[in-house]
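Each chain, written out:
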Amino acid sequence: MATTITDIRIPADQFPLGRILREYPDIEIELERIVPTRREIIPLFWVATESEQAVEETLKKDPIVEEIVPLTRTPDRILYSVKWSPDIDALVRAIVDLGVDVLTAEGTANFWEFRLQFNNREQLSQFRRTCQGEGIDIELLRVYNPMMPPEEGPLSSEQADALATAYENGYWDVPREITQTELAALVGISDNSMSQRLRRGVKVAVAELLYGTGRRQDRKSTE
């Protein structure tokens, strides 16, 4: 199954670094990578702030932080290594346990944005279900398949994702196993956006199935 990449946004207080450092409104954080080991999880991240000493003290005092080490320094920011305890929050645990690749992650005192790479649809579906079950408020910004540019297929990546997610969660079953509102919350978009993606996606898929690429007929001309 093809690789899928998603861009998501979450409130800062639902990610450990955002929650710990939310009292510093000027702070900018860039996650370098997350290194899971047998006993702990070690994130490497850059911090840009005018409150360097206070930030370090805040990190050291947090219960989930077992150790913090400044690795390198530039004129504008510092690279830290932190050992998190195994009792880390649900988002990080889902990323680590499911083997999701974090391509980029940047945050402020208000929110964090992640670019995540999933090996297949099942991995993405499991991640979404886990986050929903843990009450993590995910906003989907973008979803795409890096191996298939949008112009090479009739469906946009967002439409294909909406249709596939609906299918995987029983939206097309009779009776339905999930409502449109629940489906939108699972994906991380508004109810109206989900409605539009489903309608447009179904229209394109039916036209492609019945008429093929480049041979879609005008509906009125066939009535």
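Each value, and the rule that gives it
Residues numbered from 1 in each chain as written. Predicted model: local features only at pLDDT ≥ 70, side-chain atom pairs only at ≥ 80, totals over all residues. Heavy atoms only, no water. Helix = DSSP H or I, 4+ residues; strand = E, 2+ residues; numbered from the N terminus. Areas by Shrake-Rupley, 256 points an atom, 1.4 Å probe, with all protein chains shown as cover. Axes fitted to C-alpha atoms, helices over the stretch in contact; angles between N-to-C directions. Parallel < 35°, antiparallel > 145°, perpendicular 65-115°, else oblique. Left-handed = near helix turned anticlockwise from the far one by under 90°. Contact = heavy atoms within 4.5 Å. Nonpolar A, V, L, I, M, F, W, Y, C, P; charged D, E, K, R; others polar. Patch = residues over 30% accessible without salt bridge, like charges linked within 9 Å, V, L, I, M, F, W, Y side chains within 5 Å. Salt bridge = Lys/Arg side-chain N within 4 Å of Asp/Glu carboxyl O. Core = buried A, V, L, I, M, F, W, Y, C linked by side-chain atoms within 4.5 Å. Buried < 20%, exposed > 50% of the residue type's maximum accessible area, 1.4 Å probe, protein only. Pairing = 2+ DSSP bridges.

### Examining the overall build of the chain
Then comes step 1: For the chain, the helix and strand inventory stands at seven helices and eight strands.
Then comes step 2: Approximately 12700 Å² of the chain is accessible, and the part contributed by carbon and sulfur atoms is 47%.

### Side note on the packing of helix α5 (residues 157-168) against helix α6 (residues 180-187)
Then comes step 1: The geometry of α5 relative to α6 is characterised by a closest axis approach of 11 Å and an angle of 120 degrees between their N-to-C directions. By the angle class used here, α5 and α6 are oblique. Handedness of the crossing formed by α5 with α6: right-handed. In this structure, α5 uses D161, T165 and A166 to contact α6, whose residues at the interface are L183, L186 and V187.
Then comes step 2: Partitioned by chemical class, the residues of the contact of α5 with α6 number four nonpolar, one polar and one charged.

### Digging into a nonpolar patch on the surface
Then comes step 1: On the surface, Y167, W172, V202, V206, L209 and L210 cluster together to form a nonpolar patch covering roughly 660 Å² of accessible area.
Then comes step 2: Inspection of the secondary structure puts V202 in helix α7 (residues 191-211).

### Re the packing of helix α4 (residues 121-133) against α6
The relative placement of two packed helices comes down to the angle between their axes together with the axis-to-axis distance.
Then comes step 1: It is the contact of α4 with α6, at a shortest axis distance of 9 Å, that shows an interaxial angle of 105 degrees. The pairing of α4 with α6 is recorded here as roughly perpendicular in orientation. Taken together, the residues of α6 that come into contact with α4 (itself represented by R128, R129 and Q132) are E182, A185, L186 and V187.
Then comes step 2: The residue makeup of the contact of α4 with α6, split by class, is three nonpolar, one polar and three charged.

### As for the nonpolar core
Then comes step 1: Ranked by internal contacts, the top residues of the largest apolar core, which has 54 residues, are F15, W84, W112, F114 and F127.
Then comes step 2: Those residues within four positions of F114 in sequence are excluded, and the remaining contacts are T6, D7, I8, I10, F15, L91, V102, T104 and A105.

### Observations regarding the environment of W172
Then comes step 1: Mapped onto the secondary structure, W172 falls in the loop between α5 and α6.
Then comes step 2: What W172 contacts, discounting residues up to four positions off in sequence, is L163, A166, Y167, L198 and V202.

### A short note on the pairing of strand β1 (residues 4-11)
Then comes step 1: With six of eight residues buried, β1 lies mostly within the body of the structure.
Then comes step 2: Note that β1 and strand β7 (residues 111-118) share eight bridges and pair antiparallel. Residue I10 lies in a different strand from β7, and its bridge partner there is W112.
Then comes step 3: In this sheet, strand β8 (residues 139-144) lies alongside β1 in antiparallel orientation, the contact comprising five bridges. Bridging across to β8, R9 finds its partner in E139.

Remember that the coordinates give geometry; whether it matters functionally is a separate question.
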